[in-house]
Amino acid sequence: MLEHIRVIDLSTDVAGAYGAKLLAAFGADVIKVEPPGGDPTRQLNSIEPGNPDAGILFAYVNANKRGVVLDAGDPADHEQLCALLRRADVIIESGAPGEWATRGVDFASLLEERRSLLICSVTPFGQNGPRAHWRTTALTAFAAGGQMMLCGDPDKPPLKTAGHQAYYQAGLHVFASCATALFAVQRTGQGDWLDISIQEAQFACLEGAGPAAMTRGSDSERTGNQLRATWGVYPCADGFVGVAAMARQTPTVYACIGHPELSEDPANLNLLAYPENNELVAALIGEWVSERTARQVYEDSGAFRAPFSLIPTPANLLTWGPLRERGFWREVDHPVLGRHSMPAAPFAIDGDRGISSRAPLLGEHTDEVLAELITPPTTHEVSPRNPSGPPAPLLDGIRVLDLTQVWAGPYCTRFFGDMGADVIHIEGPRFPDAVRAVGAPPGDRGYDRSSYFNEYNRNKRGLVMDLRDPRGHAAFLRMVEHADIVIENWSTGVADGLGIGYETLRAINPRIVMVQMPGFSESGEEASRVGFGPTIEQMGGLVALQGYEGEQPHKSGISYGDPVGGTAAAGATALALLRRERTGEGSRVIVYQRDNLLGMVGEYMLAESIGHPIPSRIGNHDSNFAPHGVYRTSDDEGRVQIAPAGGVMQEYHDTWLALAVDSDAAWSSLCGVIGDPRLGQAVYATLEGRRAHAAAIDAIISEWAASRDAESCAWELQAAGVSAMPVMSALMLVRDPHMNAREVFQPISHPAAGDVASARPVWRLAYRPLAALQPAPTFGQHNREVLRELAGLSDAHIEEMARDNAIATAPI
């Protein structure tokens with residue numbers, strides 16, 4: 001799909017590298033450019049310290065690429081680097097704002113020289129604002145975005161999730177935004193400069209916490225391993241299992257555990273609203289799972305389609321039958337690491353799950369790539385539709401029929417709407433979006449006033465129509481004639497059962513792109529499994545890897561599988577559109593949400609496959625750096641959690657500082673800032689010494705931080721060259737000077753919810769506009785408009801459907 005695209009990867013962290021890796025998997029010629037000493041990630045999780053080709057993390061996130069070594073400070077190398085950049089279709093970089101300009105590389109001039117060029121800058125805090133030049137690590141980047149404050153137990157420090165999740169999230173944005181922009185380039189010939197903030201990428205997916213902070217000034221913090229009895233982690237006979245049931249699935253859980261009578265009490269179907277019932281339900285679930293092994297729980301629950309899940313380790317996943325049967329694990333030979341396993345791409349386009357090849361050795365392809373500079377550059381033809389007109393949003397003119405619900409699918413389609421597509425969000429009169437009323441205040445039309453639903457469904461039109469009604473079914477098929485994309489995240493088989501499967505749609509519109517988002521698979525034994533975001537992260541290997549040191553696996557603070565699956569789906573859809581632009585043919589896209597999560601802990605899988613496992617469940621410590629942790633700082637004046645109906649539910653005063661010493665030089669700087677002579681022991685001068693005495697060092701840092709303000713500490717440490725960051729909550733971010741300097745929070749007026757704020761799209765473009773922010777649709781708000789325009793129905797026909805409840809403006 002991308003065989004004519006050349007990507008120059010100048011990035012030095014996981015975010016840029018992972019985004020480029022996914023582009024390479026689908027045919028792009030990605031050239032990793034490194035300095036003579038190699039990319040910094042080469043030294044992380046190394047099986048042979050000092051050998052630049054022995055790093056596990058680098059080998060994973062730089063698979064499928066060619067590698068070049070060039071010294072930008074050397075005149076000859078600089079000239080060759082610039083020549084390479086002039087031949088690029090995409091440049092991905094992660095330097096501090098202006099850093100490459102100081103090295104004589106002017107991105108703005110490159111864009112002027114080549115109109116179709118795309119540049120993607122992915123940095124911790126974006127290209128402007130007070131913190132734009134702050135430096136982060138996996139820990140401090142995660143602390144910046146709000147998710148860390150939601151992860152962990154209420155009586156313990158905020159907990160970092162496993163690996164490099166802040167960077168992987170941003171890497172998915174790199175992939176999806178570049179794929180979408182490449183589609184726009186193919187249509188118009190106009191490139192752009194993308195600005196992606198890792199902090200903003202995380203804030204954009206705080207589930208209900210972000211919308212609550214923006215709309216009613218409410219904060220949220222850690223809830224532990226159980227948000228409610230039917231949403232959490234339980235010990236079983238031989239380990240741990242998870243369960244994640246929304247109201248519609250809760251009766252299946254009760255039937256599975258042998259207590260169907262629980263469903264007779266409506267309070268047991270809404271444990272968030274009736275928390276006093278949690279103790280009894282949790283005890284019954286706990287009793288049932290404790291008598292069974294994890295595999296027994298998994299198999300027994302499958303008969304009821306109850307959303308229980310395993311919490312597998314990397315070793316379990318590498319031998320998991322359904323993954324092996326689908327060819328998910330790709331075997332790769334590496335000269336230093338040996339033969340190892342890597343995940344396939346997280347999606348398939350007409351069955352294509354991309355290529356898998358090993359990462360380059362340091363400078364392996366330098367001669368080969370530089371020799372190509374001698375030949376005249378190749379150009380690929382584009383056919384601009386409106387080259388002289390004003391720039392339009394990336395997806396201007398694209399129409400999407402959005403059948404998705406809850407979070408993963410709507411999160412994906414919000415990208416489409418933000419980028420200018422006409423998105424029609426379709427619900428059923430008797431089957432409204434399951435989050436329509438989540439967090440809504442009491443009163444009339446609560447289903448139109450949910451801050452959760454409204455935040456993730458902005459820039460869409462709303463249609464409420466019964467697809468089981470013959471008239472609704474016929475109207476939908478007529479709409480398909482005028483659509484570019486149909487997307488659903490239902491259980492496997494539902495679309496075919498409704499008579500709107502891919503083959504049916506393709507017969508009507510051969511150019512249609514149909515996107516399906518199963519939790520696990522569209523076929524085989526996993527196809528019938530029910531999966532929400534927590535289930536995805538549990539089955540995807542993340543939860544087994546994270547937790548407080550010596551304690552049980554710990555869930556993330558959000559339904560993590562959902563937004564990352566949505567971002568991957570947005571990128572996959574853009575690739576399918578790009579291919580359609582070149583071939584004229586539509587396609588079927590399947591986004592495997594669990595597989596997407598597996599890709600975000602891929603280094604753990606690679607490490608396990610070669611017998612060098614990466615340490616897991618180590619709390620906030622790190623196997624590469626020390627000290628590395630989260631430290632309590634002085635309490636603030638207080639933040640409150642406000643109920644949707646008003647009134648304070650909880651008050652928070654705790655503040656925390658995340659700190660990561662990633663070099664001996666940073667250690668020396670930290671000692672200078674703290675000024676405690678106890679840190680001057682010679683044994684602490686090396687990483688090995690600091691790791692051996694981590695508890696003593698942490699105690700000194702904790703003592704120093706306890707009476708200080710987290711924000712002031714972070715500024716002082718960053719100025720000294722130490723990566724530090726306050727652990728931000730959702731409300732802290734809404735009040736944050738940096739976020740406000742970047743105008744993240746945009747005013748929006750909703751017809752039912754009133755004047756509120758919405759988070760600016762994560763993808764920022766230098767030249768093209770974004771779609772003007774429009775509020776989420778009220779229930780059935782655009783029924784008449786859409787059915788007239790896209791289905792050709794008369795007012796009389798529409799009125800008849802309304803009388804028969806085939807369409808509706810209120811849930812039935």
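Please refer to the structure higher up on the page.
Below is a short write-up of the structure. Treat the numbers as computed from the prediction; the structure is a model and nothing was measured. (Residues numbered from 1 in each chain as written. Predicted model: local features only at pLDDT ≥ 70, side-chain atom pairs only at ≥ 80, totals over all residues. Heavy atoms only, no water.)

### Comments concerning the nonpolar core
Part 1 of the argument: Leu2, Phe203, Phe308, Leu659, Leu670 and Leu717 are the most contacted members of the largest nonpolar core, which totals 203 residues.
Part 2 of the argument: With 15 residues, the single largest contributor to this core is helix 7 (residues 165–188).
Part 3 of the argument: Excluding anything up to four places from it in sequence, phenylalanine 308 contacts Gly242, Val243, Val253, Cys256, Ile257, Ile285, Trp288, Val289, Val297, Tyr298, Ser301 and Arg529. (Core = buried A, V, L, I, M, F, W, Y, C linked by side-chain atoms within 4.5 Å. Buried < 20%, exposed > 50% of the residue type's maximum accessible area, 1.4 Å probe, protein only. Helix = DSSP H or I, 4+ residues; strand = E, 2+ residues; numbered from the N terminus. Contact = heavy atoms within 4.5 Å.)

### Description of the pattern of salt bridges
Part 1 of the argument: Tallied over the entire structure, the rule returns 62 salt bridges.
Part 2 of the argument: With a closest N to O distance of 3.4 Å, lysine 156 and aspartate 153 form a salt bridge.
Part 3 of the argument: For aspartate 153, a relative accessible area of 15% gives the class buried.
Part 4 of the argument: Each of the salt bridges in this network shares a partner with another, and the network as a whole consists of Asp219, Glu221, Arg222, Asp636, Arg639 and Asp654. (Salt bridge = Lys/Arg side-chain N within 4 Å of Asp/Glu carboxyl O.)

### Considerations on empty space enclosed by the protein
Part 1 of the argument: Overall, the coordinates contain 10 cavities of 30 Å³ or more when judged by the stated rule.
Part 2 of the argument: Considering only enclosed or pocket space, the largest cavity measures out at about 220 Å³ in volume.
Part 3 of the argument: Residue lining of the largest cavity: 21 residues in total, with Lys160, Gly163, Tyr604, Ile618 and Asp622 positioned closest to the centre.
Part 4 of the argument: Residues belonging to the lining of the largest cavity are distributed by class as follows: 6 nonpolar, 11 polar and 4 charged.
Part 5 of the argument: In this structure, the second largest cavity spans a volume of roughly 80 Å³.
Part 6 of the argument: The element best represented in the lining of the second largest cavity is helix 1 (residues 14–25), accounting for 4 residues. (1 Å grid on protein atoms, 1.4 Å probe; cavity = no way out; pocket = protein on both sides within 12 Å on 5 of 7 lines; lining within 4 Å. Points joined across faces, edges and corners; volume = space filled by probe spheres on them. Nonpolar A, V, L, I, M, F, W, Y, C, P; charged D, E, K, R; others polar.)

### Some details on the pairing of strand 25 (residues 745–750)
Part 1 of the argument: Alignment of strand 25 against strand 26 (residues 754–759), held across 6 bridges, turns out to be antiparallel. Counted as the bridge partner of histidine 750 is glycine 754 from strand 26.
Part 2 of the argument: Connecting strand 25 to the antiparallel partner strand 26 that follows it, the hairpin turn spans 3 residues. (Pairing = 2+ DSSP bridges.)

### A few points about the packing of helix 26 (residues 664–674) against helix 28 (residues 694–705)
Part 1 of the argument: Their axes nearest at 11 Å, the elements helix 26 and helix 28 cross at an angle of 40 degrees. In this view, helix 26 runs oblique relative to helix 28, as classed from their interaxial angle. The crossing of helix 26 and helix 28 is left-handed. Residues Trp667, Leu670, Val673 and Ile674 of helix 26 touch helix 28, and the partners they reach there are Ile697, Ile701 and Trp704.
Part 2 of the argument: When its residues are assigned to classes, the contact of helix 26 with helix 28 shows 7 nonpolar, no polar and no charged. (Axes fitted to C-alpha atoms, helices over the stretch in contact; angles between N-to-C directions. Parallel < 35°, antiparallel > 145°, perpendicular 65-115°, else oblique. Left-handed = near helix turned anticlockwise from the far one by under 90°.)

### Regarding the packing of aromatic side chains
Part 1 of the argument: The tally for this structure, following the rule as stated, stands at 21 aromatic pairs.
Part 2 of the argument: On the numbers, 5.4 Å between centres and 80 degrees between planes, the contact of phenylalanine 203 with phenylalanine 745 is edge-to-face. Of the two residues, phenylalanine 203 is situated in helix 8 (residues 198–203) and phenylalanine 745 in strand 25; the sequence distance between them amounts to 542 residues.
Part 3 of the argument: Here phenylalanine 203 falls in the buried class, since its relative accessible area comes to 3%.
Part 4 of the argument: Accessibility expressed as a relative area gives 16% for phenylalanine 745, which makes it buried.
Part 5 of the argument: Between tryptophan 288 and phenylalanine 308, the aromatic rings sit 5.5 Å apart at their centres with planes inclined by 45 degrees, giving tilted as the arrangement. Residue tryptophan 288 is located in helix 11 (residues 278–290), and its partner phenylalanine 308 is located in strand 10 (residues 308–310); the two are separated by 20 residues in the primary sequence. (Phe/Tyr/Trp six-rings, centres within 6.5 Å; stacked < 30°, edge-to-face > 60°.)

### Overview of helix 9 (residues 209–216)
Part 1 of the argument: In terms of burial, helix 9 is largely enclosed, as 6 of its 8 residues are buried.
Part 2 of the argument: Within helix 9, the full set of buried residues consists of Ala209, Gly210, Pro211, Ala212, Ala213 and Met214.
Part 3 of the argument: At its buried positions, helix 9 is contacted by helix 8, helix 17 (451–456), helix 30 (730–735), strand 25 and strand 26.
Part 4 of the argument: Of the residues flanking the end of helix 9, it is glycine 217, one or two places downstream, whose phi is positive at about 65 degrees.

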